[in-house]
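Here is what each chain is made of, one letter per residue.
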Amino acid sequence: MTKTARIYQKPKNAMQSGRARTTSWILEFEPARQQQADPLTGWAGGDATATQLRMSFPTLEAATGYAEREGLAFHVIAAPERKLKLQTYADNFR
């Protein structure tokens, strides 16, 4: 069974104005099956430890190259477009 990975670029946090660490690409594995509730504690969990792994790459080419080299099935999630809201300071008082 081949693992499926998703490759995406982390979007900017809505609570911060800076764009630090948004240029790297993240590769993480998709869960193979749904998590199940533990009968004793009720916590959701599973035996798929690959979903806990998250790798960071400087470029999209490096991330896809790694996935191809390791024989992983993957899909790329496009980075969201930045929407600029251009306004002047005086627009705050209208």
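Going by what an unreviewed UniProt entry lists, the chain is known as ETC complex I subunit and is assigned to Sphingomonas kyeonggiensis. What UniProt records for the chain under Subcellular location (unreviewed entry) is the sentence "Membrane".

## Regarding the pairing of strand β5 (residues 54-57)
Here β5 shows a clear split, with M55 and F57 buried on one side and none of R54 and S56 buried on the other. As paired strands, strand β2 (residues 25-29) and β5 are joined by 4 bridges and run antiparallel to one another. Bridging from a neighbouring strand, I26 pairs with S56 of β5.

## Thoughts on the sheet that holds strand β6 (residues 73-77)
The strand order across the open sheet formed by 4 strands is β5-β2-β1-β6, and the pairing between neighbours is mixed. With partners counted over all chains shown, the strands left at the sheet margins are β5 and β6, one partner each. Within this sheet the neighbouring strands show an average axis-to-axis angle of 25°, counted without direction. As defined by bridge partners, strand β1 (residues 4-9) adjoins β2 across 5 bridges and the pair is classed as antiparallel. Each residue of the ladder has a partner; that of Y8, found in β2, is I26.

What counts and what doesn't
Residues numbered from 1 in each chain as written. Predicted model: local features only at pLDDT ≥ 70, side-chain atom pairs only at ≥ 80, totals over all residues. Heavy atoms only, no water. UniProt positions renumbered as here; feature names shortened; annotations may be inferred. Buried < 20%, exposed > 50% of the residue type's maximum accessible area, 1.4 Å probe, protein only. Helix = DSSP H or I, 4+ residues; strand = E, 2+ residues; numbered from the N terminus. Pairing = 2+ DSSP bridges. Axes fitted to C-alpha atoms, helices over the stretch in contact; angles between N-to-C directions.

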